[in-house]
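If you want the building blocks of each chain, they are given just below.
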Amino acid sequence: MPRELKCHPGIGPTVAGEALTAADNFSARYDLDRIKGIFSRPQHALAGQSYKDKILVLNTAKGGVASAWMLHEMKARGIAPKAILFNAANTILAQGAALADMAMCDRFEDGDVTTLIPTGARVTVYPAEGRVVIED
Amino acid sequence: MHLNDEERAMLAGAMGPARQWAMDHQMQVGRMFDAADMVPVSQAHMMADPESLGDAGVSFVEAFAGLPEPERRVRVPMITDPRGVDLSCYDPLGQTEAMADLERRFIAACQALGIMMTDTCINYQTIMPPVFGDHVAYGDTGVVIYSNSVCGARSNFEGGPSALAAGLTGRTPRYGLHLDRHRRATRRFLVETPPVELTDWGVLGAVIGRKAGSYWAVPVIEGIDTAPTSDQIKHFGAAMASYGSTPLFHIVGVTPEAPDLKAVGGDGLAAERIGADDLAALRADFGGEGDKVDVVVFAAPQLSLVEMRQLAAICAGRRRHADTDVIVCTAPSVYADAERMGFNATLQAFGATVLQGTCFYQQYAREIGEANGWTRLLSNSAKIVNILGGYGYKPALASMAACVASAEKGEIV
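Counting of residues starts from 1 at the beginning of each chain's written sequence and follows it residue by residue. Chains carry letters from A onward and ligands carry numbers from 1 onward, assigned in written order. For a predicted model such as this one, the threshold for reporting local features is a pLDDT of at least 70, and the threshold for listing and counting side-chain atom pairs is 80 or more; totals across whole chains, interfaces and linings nevertheless cover every residue. For the side-chain quantities, the full set of heavy atoms in the structure was used; hydrogens and water were omitted.

### Side note on the nonpolar core
Quick note on the threshold: Remark: nonpolar core denotes a set of buried residues (Ala, Val, Leu, Ile, Met, Phe, Trp, Tyr, Cys) joined through side-chain atoms within 4.5 Å. Throughout, exposure labels follow a simple rule: accessible area from a 1.4 Å probe, protein chains only, divided by the maximum for the residue type, with under 20% read as buried, over 50% as exposed, and the rest as partly exposed. Any two residues whose heavy atoms approach within 4.5 Å at even a single point are treated as in contact.
By size, the foremost hydrophobic cluster in this structure holds 165 residues, and its most contacted members are L164 and F360 of chain B. If we skip the residues at most four places from it in the chain, L164 of chain B touches W21, M46, F60, V61, F64, M78, L113 and I115 of chain B.

Rendered as structure tokens:
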């Protein structure tokens, strides 16, 4: 039985994919090897894992402003996540999603999204409607 | 969102495709953060190094640069954050001609838009600081946190695309730090060990940023009874923003919105102490005495003229170890002054490479590290040691004096 999560309306297109989840934060500059398409920061909970075409589920954004350009650059090369879901996005990641036309949502009504969506779950993200559906 | 007639015209494309894109971009972001309308801004400051932009980002801006002049010029004074390539010194760093070409293309595009290539993250020390209550659209987290906290200006973190949009429309969505309610304190910290030199300030900022941990958290800080220098509070804010994505802090009795605790709503918050143990724990994350050092970096933020003088005084008459490189990054305007005053010559005699208009972590840090065999990096910037772990470095942190002594010996002293 699919389960639906409500969140604040977000940015970007409707997308479906496989979740990659961690109770950790996110910065494209601090955490990624964008050439290889993996998390490269040794201390990150997803270190070594590929983010390509995933629905990333993370706590919040951190660090600097570079991610706003970097999401666009990553998507242009075809090595990017399909969507990023946060408990709380910051302005930079939202701005980056808008430029990259990448799906992004935050502020989930049912609580901590990193505990609601496990890694490997099939999810569909509807940013305009502010909802995420977890498939069986 | 409520738009006025001019904003609706921009959105409809009546003022050209660049302003149409900009207004649409701002509407998307504004809706996500529940902005009711737009607010005019007096300045915009754009972070846009070529590593972040890639060919896709440069091409995006170039498309606007090809428009007729009335459609492409920015509407408010707009300046730039550090570049990724110092075009007067890139081959010695191992940067490629392709990197330099991307940089040249982007500079040409910016100039066609009427953007001033200031190439600095210390515009509040060198160009035109915002004033109290001034609504601005700034990029670079260090610039934003300083401008909000120390100057009392109002800016969100505006990534490069949004800063560009603000330059093209002359406004930004009214959300976040433009609103009084998001400037009230949400966390209260009591500092038990006041910082002394620049790195201490950076470490304290890092600890508070890590504890705050959210863009929407606003720390109010007690226990700092003497007004810091601009450079000290620069390192404090830059580190806090780096570790916590924090855009605003208040220091009771120091910053303009917090003459007392009550003024920012801190009197209703429980105080969280920050002691020597917290500061030591953060420092323990980074390398220690006796470790070899490949490169010593002074950057992030770019050095002010006062820091250039301090560093030159420490380096005078000494020479770096043959196996340890030294990089110093400053703003072009500071570089010119430092050249005139002889600071650059002193640093170069020490064996340092002085770069203008760049910042180390924004200039293809992974690639120049690989080209030069730099892994073990030492800096007095708490911000840069936080960033560079993801770029394959093993960063270490020390004071400016200890960094110089370590560069001389080739290992951390």
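There is more to say after this.
### A look at the interface of chain A and chain B
Definition in use: Buried area counts how much accessible surface, traced with a 1.4 Å probe, disappears from two parts once they are put together, with both parts' losses summed. Each reported salt bridge corresponds to a side-chain nitrogen of Lys or Arg within 4 Å of a carboxyl oxygen of Asp or Glu. Counted as a polar contact is a pair of N or O atoms within 3.5 Å, where, for protein atoms, one must be capable of donating a hydrogen and the other of accepting one, and residues adjacent in sequence contribute only when both atoms are in side chains. Gly is placed with the polar residues, together with every amino acid not listed as nonpolar (Ala, Val, Leu, Ile, Met, Phe, Trp, Tyr, Cys and Pro) or charged (Asp, Glu, Lys and Arg).
Taken together, the contact between chain A and chain B spans 38 residues of the former and 45 residues of the latter. Here chain A meets chain B over a buried area of about 3,200 Å², counting both sides, of which 60% is carbon and sulfur. Linking D33 of chain A and R366 of chain B is a salt bridge whose minimum nitrogen-to-oxygen distance equals 3.9 Å. Linking chain A to chain B there are 19 residue pairs in polar contact (both at pLDDT 80 or more). Partitioned by chemical class, the residues of the side of chain A that touches chain B number 20 nonpolar, 10 polar and 8 charged.

### Observations concerning the environment of N156 of chain B
Residues and elements named next belong to chain B. Spelled out, the test is: Secondary structure is summarised from DSSP: a helix means a run of H or I of at least four residues, a strand means a run of E of at least two, and numbering begins at the N terminus for each.
Here N156 shows up in the loop between α7 (141-149) and α8 (160-169). The class for N156 is buried, based on a relative accessible area of 0%. Sequence-wise, N156 and L113 are 43 residues apart; in three dimensions their C-alpha atoms are separated by 23 Å. A polar contact is formed between the side chain of N156 and the backbone nitrogen of L177, at a distance of 2.9 Å. Among the polar contacts listed, one links the side chain of N156 to the side chain of Y215, at a separation of 2.9 Å.

### Overview of the pattern of salt bridges
Scanning the model with the defined rule gives 44 salt bridges over all chains in all. Shared partners join several salt bridges into a network, and the residues in it are R29, R34, E73 and R77 of chain A together with D49 and E51 of chain B.

### Side note on the sheet that holds strand β11 (residues 325-330) of chain B
All names here are of chain B. The test is simple: Strand pairing follows a simple DSSP-based rule, namely that at least 2 bridges must link the two strands. Axis definition: a line fitted to C-alpha atoms, over the contacting stretch in the case of helices. Angles run 0 to 180 degrees between N-to-C directions.
Strand order in the open sheet formed by 5 strands is β12-β11-β10-β13-β14, with parallel pairing between adjacent strands. Looking at which strands have only one partner, the edges of the open sheet turn out to be β12 (352-356) and β14 (394-397). Taken over all neighbouring pairs, the strand axes of this sheet differ in orientation by 25° on average, direction set aside. In this sheet, β12 lies alongside β11 in parallel orientation, the contact comprising 5 bridges. Among the inter-strand pairings, C329 is bridged to a residue of β12, identified as L355. Its contacts with the sheet place helix α14 (residues 343-350) against β11 and β12, and it is angled at close to 140° to β12.

### Things to note about the sheet that holds strand β7 (residues 219-222) of chain B
Strands belonging to one sheet form pairs held by backbone hydrogen bonds; the direction of such a pair is parallel or antiparallel. Residue and element names in this part refer to chain B. If you walk across this open sheet you meet the 4 strands as β8-β7-β6-β9, and the pairing is parallel. Two strands in the sheet have a free side with no partner beyond their single neighbour: β8 (250-251) and β9 (271-274). Helix α9 (residues 198-212) rests against β6 (187-191), β7 and β9 of the sheet, and its axis sits at about 150° to β6.

### Describing the domain arrangement of chain B
Residue and element names in this part refer to chain B. Spelled out, the test is: Domain limits in this description derive from either an automatic procedure or a database domain assignment.
Domains assigned within chain B are domain 1 (5-178), domain 2 (184-283) and domain 3 (295-409). Centre-to-centre separation of domain 2 and domain 3, based on C-alpha positions: 26 Å. Every contact between the two is made by 12 residues of domain 2 and, on the other side, 17 residues of domain 3. Here domain 2 packs against domain 3, burying approximately 1,100 Å² in sum over the two surfaces, 56% of which is carbon and sulfur. For the domain 2 face of the interface with domain 3, the top three residues by lost area are T199, H235 and Y243, together amounting to 36%. The tally of links from domain 2 across to domain 3 stands at 1 salt bridge. Where E307 meets K234, a salt bridge forms, and the shortest distance between an N and an O atom there is 2.5 Å. There are 8 residue pairs in polar contact (both at pLDDT 80 or more) connecting domain 2 and domain 3. Broken down by element, the side of domain 2 that touches domain 3 gets its largest block of residues, 7 residues, from helix α10 (residues 230-244). Of the residues assigned to the side of domain 2 that touches domain 3, the class counts are 5 nonpolar, 4 polar and 3 charged.

### Examining the packing of helix α2 (residues 17-32) of chain B against α8 of chain B
All names here are of chain B. Going by this rule: Roughly parallel here means an angle under 35 degrees, roughly antiparallel means over 145, roughly perpendicular means 65 to 115, and every remaining angle is called oblique. For any helix crossing, the convention is left-handed if the near helix is rotated counterclockwise from the far helix by under a right angle, and right-handed if that rotation is clockwise.
α8 packs onto α2 with a crossing angle of 125° between their chain directions and a minimal axis gap of 9 Å. Between α2 and α8, the crossing angle belongs to the class labelled oblique. Crossing hand, α2 versus α8: left-handed. Judged by residue contacts, A18, R19, W21, A22, M23, H25, Q26 and V29 of α2 engage P161, S162, L164, A165, A166, L168 and T169 from α8. By residue class, the composition of the contact of α2 with α8 is 10 nonpolar, 4 polar and 1 charged.

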